[in-house]
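Here is what each chain is made of, one letter per residue.
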Amino acid sequence: MEKSRLEELSKELPEKERKELLERIGRRMEQEEGEDPVPVELQQDERDKIIAFELKKATAWVRFMLWLRTLMSGRPRKEVFLDIRLRLLRSHIRSRSPGITGFETRDLSVKFARKLYDLYLKVQAVAGIYHALASDKAVRGAAYAWYVEQRWEHAKKGLDEFIRTEEMEDIFAQTGQTDEIKKKLSLRLNDYVHSIPESFLLQLEAEARLHLSLGRLVAFPFATFFRYFNFMLADSAEAPSPSFEAAPVMLTLDLMEKLHVTFGLFHASAPDYVYAEEPIACYFALRSGVKPGAEEAGKRDEELGNLRADIMAIVHEIDDFESSIPLLDLLRYFRRDPWFQLVVNAPRLYLRSMYFSTLKAKLGQELEEQLGAVKERVIARKVQEMLKGQKLLEFSSYKENPDFDFRKLGLPYFSCIRSLTLVYNYLQQQFKGAVQEAAGLVASTVLANNRIMQSRLSQNISGLEDLEARIVLFDRSLSPDEEDGKQLGKFRFNVATDLLLQKSFRLFILQKDRDARELIDKARDYLAAIRTTFDEMRTSAFDNTRSLLKTLHMYRGRNLTLGQILNARSDSIGVFLKLLDQLLEIEKGA
């Protein structure tokens, strides 16, 4: 599908600015749905044409009265004609709805309030449903997304239909970034939503238009209107015979305009009041706490049938109201404009945007729930690849699964167990041997005459050898025979009931985490420095060094050039450091 010009332009914006633009557009759409009616402003020449046309159609009596009153009053002919039109309008209102207003007292009678109250009672039957569909974004989004899914034969509903678990693992394994998974998902979601034909979505919007009109009717400020009749609505709309007083008509004109537009939208929203039932069925399911489509068919049909009856009752009540009260004529008379008209933008669903936002949020939640497991599986696989199938050595004291459930108490526990375990295993199984041998070859060949770099490399190797011993001592410090281990034992038995002890426990865990992180950071620094030395040697531009890199050496049972050895060891250290960073990130968010 060809992309719109707006989409092409928005692609050039930074991510933050693009999100802000979409939010502004979304807010604008919401504002357009709720815009107040706007009176039609007639230009003077248009008004003159209307008057001329009506004069041609006027009876001889009206033309005679116009001539006589113009002659008697000396006023402009147009003003006199306006007075005649208003008098005729007043006579029409009186004949159609006697006593609806006192034209001299300029008020609305109790009759108007009672008819409005009858309508209000009918509207309350559907108020809960349409208030949720109009104002609750979560319910609204879920209802109309389900509506699209039920109608679109190629609908995609779950995360696995956009991106498979295996693909997520491959992306994370290659990039080490979950953002790349999110970008891939976002692109596919965007392509999918924009593949839905516009004509199909417009048809769905047309079938759901009555729901929007009912939402407008439910949102009408009945309480404000009734206050002008000196009546306060109670929490329950069950007052059998409320007491009203006449209301000042000039103060209610804006509300009368809103009511007139709401009626017009309601009648124009659907032929014979036919509407899509899927959004309502989804709402009923969500209200019952079940997944849409999983509810009992009989119960669903009964609820939908009751709703249809309630809507038809509203239809009849509006028809009765309009047959008894000429709302537009009242507006024209008291606005002193016989040609008064209102223009309003009919509400729109903007179904594509709503469906995209709802599906994006749903898939995003599913993705967040799976990302942890994806990262865990990838890291576990990489650890096994790095250790070449050897068993992962675990600490005897600094380990998971303590003897008490610290989570129920809301207490922390050691957060660097897995990353420190990984460092220890790397030192045991990769550094001791492969890295040390490579460092020895470099020191005796390429760096034989460079005492400064030779000393620096030796310090980093010695630092890692010392670090291995420090990690063992750190683990041993938590054994039952050591002071820290004895202290940890006391915490386990008494921390559940002693708040002061809980505070001490938090400080104890915090300090041990700092000690563990210091050991991890030292290992990173030493290994990064060794890797830098290897990289400098293998990419050296000096002819003597390049010649030495081509010499063969017996390395771990194989004949390899020094360059090959350094390449392999540099890559191995790089893989380990990247894996360590990923594991630290997981532990940080745990």
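Residues numbered from 1 in each chain as written. Predicted model: local features only at pLDDT ≥ 70, side-chain atom pairs only at ≥ 80, totals over all residues. Heavy atoms only, no water.

Some points on the overall build of the chain
Next, step 1: Within the chain one finds 23 helices and 7 strands.
Next, step 2: Residue burial in the chain is summarised as follows: out of 590 residues, 44% are buried.
Next, step 3: Once local pairs closer than 6 in sequence are excluded, the contacts in the chain between residues at least 24 apart make up 77%.
Next, step 4: Accessible surface computed for the chain: about 32,300 Å², of which carbon and sulfur atoms make up 51%. (Helix = DSSP H or I, 4+ residues; strand = E, 2+ residues; numbered from the N terminus. Buried < 20%, exposed > 50% of the residue type's maximum accessible area, 1.4 Å probe, protein only. Contact = heavy atoms within 4.5 Å. Areas by Shrake-Rupley, 256 points an atom, 1.4 Å probe, with all protein chains shown as cover.)

A closer look at the side chain of Ser 213
Next, step 1: Of note, Ser 213 is situated in helix α11 (residues 209-219).
Next, step 2: Relative accessible area serves as the criterion here: at 2%, Ser 213 is assigned to the buried category.
Next, step 3: Leave out the neighbours within four places in its chain, and Ser 213 touches Leu 265, Phe 266 and Ser 269.

Let's talk about the pairing of strand β7 (residues 558-561)
Next, step 1: One ladder, built from 4 bridges, connects strand β6 (residues 552-555) with β7; its direction is antiparallel. Looking at the pairing, His 553 lines up with Leu 560 of β7.
Next, step 2: The antiparallel pairing of β6 with β7 creates a hairpin that spans 2 residues between the two strands, and Arg 556 there sits at a positive phi of about 55°. (Pairing = 2+ DSSP bridges.)

So, helix α20 (residues 483-494)
The periodicity of an α-helix, 3.6 residues per turn, causes residues three or four places apart in sequence to face the same way.
Next, step 1: With 12 residues, α20 ought to run about 16 Å at 1.5 Å a step, and its terminal C-alpha atoms sit 17 Å apart, in line with that.
Next, step 2: Along α20, the residues classified as buried are Gly 485, Leu 488, Gly 489 and Phe 491. Along the axis of α20, the buried residues cluster in a sector spanning 160°; they form a single face. Structural note: α20 exposes Glu 483, Lys 490 and Phe 493 on the side pointing more than 90 degrees away from its buried face.
Next, step 3: Contact partners of the buried residues in α20: α21 (499-538). (Expected span 1.5 Å × (residues − 1). Arc of directions from axis to C-beta.)

Here we look at the pattern of salt bridges
Next, step 1: In this structure the tally under the stated criterion is 25 salt bridges.
Next, step 2: A salt bridge links Lys 183 to Glu 180; its shortest N-O distance comes to 3.8 Å. In this pair, Lys 183 and Glu 180 are both assigned in helix α9 (residues 178-194), 3 residues apart and thus about one turn of the helix distant.
Next, step 3: For Glu 180, a relative accessible area of 33% gives the class partly exposed.
Next, step 4: The network of salt bridges with common partners includes Arg 151, Glu 207 and Glu 278. (Salt bridge = Lys/Arg side-chain N within 4 Å of Asp/Glu carboxyl O.)

Notes on the confidence of the model for the chain
Next, step 1: In the predicted model, the chain carries a mean pLDDT of 84, and the fraction of residues at 70 or more is 85%.
Next, step 2: Within the model, pLDDT remains below 50 along residues 27-34, and this stretch shows 13 contacts once partners closer than five positions in the same chain are excluded. (pLDDT = per-residue confidence, 0-100.)

Some thoughts on the sheet that holds strand β3 (residues 107-108)
Next, step 1: One open sheet accounts for 3 strands, arranged β2-β3-β4; its pairing is antiparallel. Edge positions in the sheet fall to β2 (101-102) and β4 (247-248), since each of these pairs with one other strand and no more.
Next, step 2: Relative to β3, β2 runs antiparallel, the two being bridged by 2 bridges. Residue pairing in the sheet places Gly 102 in a bridge with Asp 107 of β3.

Here's the deal with the environment of Lys 111
Next, step 1: Locating Lys 111 in the fold gives a position in helix α6 (residues 110-135).
Next, step 2: Among residues more than four places away in sequence, those in contact with Lys 111 are Ser 97, Pro 98, Ile 100 and Ser 324.

A short note on the packing of α6 against helix α15 (residues 297-324)
Next, step 1: Interhelical geometry of α6 versus α15 gives an angle of 160° and a closest axis separation of 10 Å. Considering the angle they form, α6 stands roughly antiparallel to α15. Crossing angle aside, the handedness with which α6 passes α15 is left-handed. For the pair α6 and α15, the contacting residues are Lys 111, Phe 112, Lys 115, Leu 116, Asp 118, Leu 119, Lys 122, Val 123, Ala 125, Val 126, Ile 129 and Tyr 130 in the first and Leu 307, Asp 310, Ile 311, Ala 313, Ile 314, Glu 317, Ile 318, Asp 320, Phe 321 and Ser 324 in the second.
Next, step 2: Of the residues that constitute the contact of α6 with α15, the class distribution is 14 nonpolar, 1 polar and 7 charged. (Axes fitted to C-alpha atoms, helices over the stretch in contact; angles between N-to-C directions. Parallel < 35°, antiparallel > 145°, perpendicular 65-115°, else oblique. Left-handed = near helix turned anticlockwise from the far one by under 90°. Nonpolar A, V, L, I, M, F, W, Y, C, P; charged D, E, K, R; others polar.)

Here's the deal with the nonpolar core
Next, step 1: Within the largest apolar cluster, 98 residues are counted, with the highest numbers of intra-cluster contacts made by Tyr 192, Tyr 398, Phe 414, Leu 420, Ile 471 and Phe 576.
Next, step 2: Residues contacting Phe 414, with those up to four places away along its chain left out, are Tyr 398, Leu 478, Leu 488, Phe 508, Ile 509, Lys 512 and Asp 513.
Next, step 3: Counting 67 residues, the second largest nonpolar core, distinct from the first, contains Tyr 117, Leu 214, Phe 263 and Phe 321. (Core = buried A, V, L, I, M, F, W, Y, C linked by side-chain atoms within 4.5 Å.)

What about unusual backbone geometry?
Leaving glycine out, the prevailing phi sign among residues is negative, and the prevailing peptide bond configuration is trans.
Next, step 1: Its identity as a non-glycine residue notwithstanding, Arg 106 has a phi of 55°, on the positive side.
Next, step 2: Checked against the element boundaries, Arg 106 lands in the loop between β2 and β3.
Next, step 3: For Arg 106, a relative accessible area of 38% translates into the label partly exposed.
Next, step 4: You will see that Arg 556, though not glycine, has its phi angle at about 55°, which is positive.

Considering the packing of aromatic side chains
Next, step 1: Evaluated as defined, the whole model comprises 32 aromatic pairs.
Next, step 2: Relative to Phe 321, the ring of Phe 112 has its centre 5.6 Å away and its plane inclined at 80°; by these criteria the two rings are edge-to-face. In this pair, Phe 112 is assigned in helix α6 and Phe 321 in helix α15, connecting sequence segments 209 residues apart.
Next, step 3: For Phe 321, a relative accessible area of 0% gives the class buried.
Next, step 4: Every member of this aromatic cluster is reached through a ring pair, and the members are Phe 112, Tyr 117, Tyr 120, Phe 220, Phe 222, Phe 225, Phe 226, Phe 229, Phe 231, Phe 244, Phe 263 and Phe 321.
Next, step 5: A cation sits over an aromatic face here: Arg 90 above Phe 103, 5.9 Å from the ring centre.
Next, step 6: Directly above the ring of Tyr 350 sits Arg 348, whose terminal nitrogen or CZ lies 4.5 Å from the centroid. (Phe/Tyr/Trp six-rings, centres within 6.5 Å; stacked < 30°, edge-to-face > 60°. Lys NZ or Arg CZ within 6 Å of the ring centre and 35° of its normal.)

Comments concerning the environment of Lys 388
Next, step 1: Summarising the element assignment, Lys 388 is placed in the loop between α17 (351-387) and α18 (417-444).
Next, step 2: By relative accessible area, Lys 388 is classed as exposed at 63%.
Next, step 3: For Lys 388 and Gln 429, which are 41 residues apart along the polypeptide, the C-alpha to C-alpha distance reads 9.4 Å.

Remarks on the environment of Val 123
Next, step 1: Checked against the element boundaries, Val 123 lands in helix α6.
Next, step 2: Separated by 188 residues in sequence, Val 123 and Ile 311 have C-alpha atoms that sit 8.3 Å apart.
Next, step 3: Among all residues touching Val 123, those that are not within four sequence positions of it are Leu 217, Val 218, Phe 222 and Ile 314.

Let's talk about the side chain of Ser 324
Next, step 1: In this structure, Ser 324 sits in helix α15.
Next, step 2: Taking relative accessible area as the criterion, Ser 324 reaches 18% and is therefore assigned buried.
Next, step 3: Each residue touching Ser 324, except ones within four places of it in the same chain, is listed here: Arg 96, Ser 97, Lys 111 and Lys 115.

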